[in-house]
Amino acid sequence: MKHHTQYLWFNTKNRHDIVNITPQVEEALVKSEIKEGLCLVNAMHITSSVFINDNENGLHQDFLAWLEKLAPYGKDKYKHNLTGEDNGDAHLKRTVMGREVVVAVTAGKLDFGPWEQIFYGEFDGQRRKRVLVKIIGE
Ligand code: ZN
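Here is a short report on the structure shown in this document. The structure presented is a predicted model; accordingly, all values stated were derived computationally and were not measured. (Residues numbered from 1 in each chain as written. Predicted model: local features only at pLDDT ≥ 70, side-chain atom pairs only at ≥ 80, totals over all residues. Heavy atoms only, no water.)

Description of the overall build of the protein chain
Here comes step 1: If you tally the helices and strands in the protein chain, you get three helices and eight strands.
Here comes step 2: The helix and strand sequence of the protein chain, counted from the amino end, reads β-β-α-β-β-α-α-β-β-β-β.
Here comes step 3: What you see for the protein chain is a C-alpha radius of gyration of 16 Å, in line with the 14 Å of a compact globule of 138 residues.
Here comes step 4: With the C-alpha coordinates aligned to their principal axes, the bounding extent of the protein chain is approximately 50 × 30 × 20 Å.
Here comes step 5: Within the protein chain, contacts between residues separated by at least 24 positions form 82% of all contacts whose residues are at least 6 apart in sequence.
Here comes step 6: As displayed, the protein chain has an accessible area near 7700 Å², and 54% of this comes from carbon and sulfur atoms. (Helix = DSSP H or I, 4+ residues; strand = E, 2+ residues; numbered from the N terminus. Rg over C-alpha atoms; globule rule 2.2 N^0.38 Å. Contact = heavy atoms within 4.5 Å. Areas by Shrake-Rupley, 256 points an atom, 1.4 Å probe, with all protein chains shown as cover.)

Take a look at the structure:
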């Protein structure tokens, strides 16, 4: 069995952002030389997400607006922020959007359903944060 591990770094300009990371994951897959297997992609921070959905800008704005309604940003809104942090909202948003995705690798390609792409969801950005890509197979 072959394996490949790679870290992707992000430092978003905005506090909240959604970034299509499919090209970077595809690059990692090419590097791995794996043709059949599984590709795990996970956020390595508890205030950011990795998820699969449509690469459509209106939908991304909808996600961010919906998350803001569920868990609005605000220093005084969360018990977590009594620790001196201001990212209580980001922990909740991350939990809703998920930590990781696993995509099958078939014939050397990410075996997506129609319109599926992989996204990094940032909910407490403007600092360097990591995503892990781990591919196993043969
Ligand atoms: Zn926190």
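There is more to say, and it comes next.
Some thoughts on the nonpolar core
Soluble globular proteins tend to pack their nonpolar side chains together in the buried interior.
Here comes step 1: Counting 21 residues, the largest nonpolar core has Val25, Val41, Leu110 and Ile118 as its most contacted members.
Here comes step 2: Only β1 (2–10), α1 (22–32), β3 (37–43), β5 (100–106), β7 (116–122) and β8 (129–137) provide two or more residues apiece to this core.
Here comes step 3: If sequence neighbours within four positions are ignored, valine 25 has contacts with Leu8, Cys39, Val41, Leu110, Ile118 and Val133.
Here comes step 4: The next biggest cluster of nonpolar side chains, apart from the first, holds eight residues, and it includes Phe51, Phe63, Met97 and Phe119. (Core = buried A, V, L, I, M, F, W, Y, C linked by side-chain atoms within 4.5 Å. Buried < 20%, exposed > 50% of the residue type's maximum accessible area, 1.4 Å probe, protein only.)

Observations concerning a nonpolar patch on the surface
Here comes step 1: Together, Met1, Leu38, Val102 and Ile136 make up an exposed nonpolar region whose accessible area comes to about 410 Å².
Here comes step 2: Tracing the backbone through its elements, the reader meets valine 102 in strand β5. (Patch = residues over 30% accessible without salt bridge, like charges linked within 9 Å, V, L, I, M, F, W, Y side chains within 5 Å. Salt bridge = Lys/Arg side-chain N within 4 Å of Asp/Glu carboxyl O.)

Thoughts on helix α3 (residues 88–97)
Here comes step 1: Across the ten residues of α3, seven count as buried, placing the element largely inside the fold.
Here comes step 2: Gly88, Asp89, Ala90, His91, Lys93, Arg94 and Met97 are the residues of α3 that are buried.

Side note on the coordination of the zinc ion
Here comes step 1: Only His80 (NE2), Glu85 (OE), Asn87 (OD1) and His91 (NE2) from the protein coordinate the zinc ion, and they sit 2.1 to 2.4 Å from it.
Here comes step 2: Seen from the zinc ion, its four donor atoms lie at angles of 80 to 158 degrees, and the figure they make is irregular.
Here comes step 3: Exposure remark for histidine 91: the relative accessible area of 18% places this residue in the buried category. (Donors = N, O, S within 2.8 Å, 3.2 Å for Na, K, Ca; no water. Tetrahedral: all angles 85-135°; square planar, octahedral: opposite > 155°, others 65-115°.)

Let's talk about the packing of aromatic side chains
Given two aromatic rings, one states the distance between the centres and the angle between the planes to describe the pair.
Here comes step 1: Scanning all chains against the criterion turns up three aromatic pairs.
Here comes step 2: Within the aromatic cluster, the residues linked to one another by ring pairs are Phe51, Phe63 and Phe119.
Here comes step 3: Here arginine 128 stacks its cationic end above the ring of tryptophan 9, 4.1 Å away from the centre of that ring.
Here comes step 4: The ring of tyrosine 7 carries the charged tip of arginine 130 above its face, separated from the ring centre by 4.7 Å. (Phe/Tyr/Trp six-rings, centres within 6.5 Å; stacked < 30°, edge-to-face > 60°. Lys NZ or Arg CZ within 6 Å of the ring centre and 35° of its normal.)

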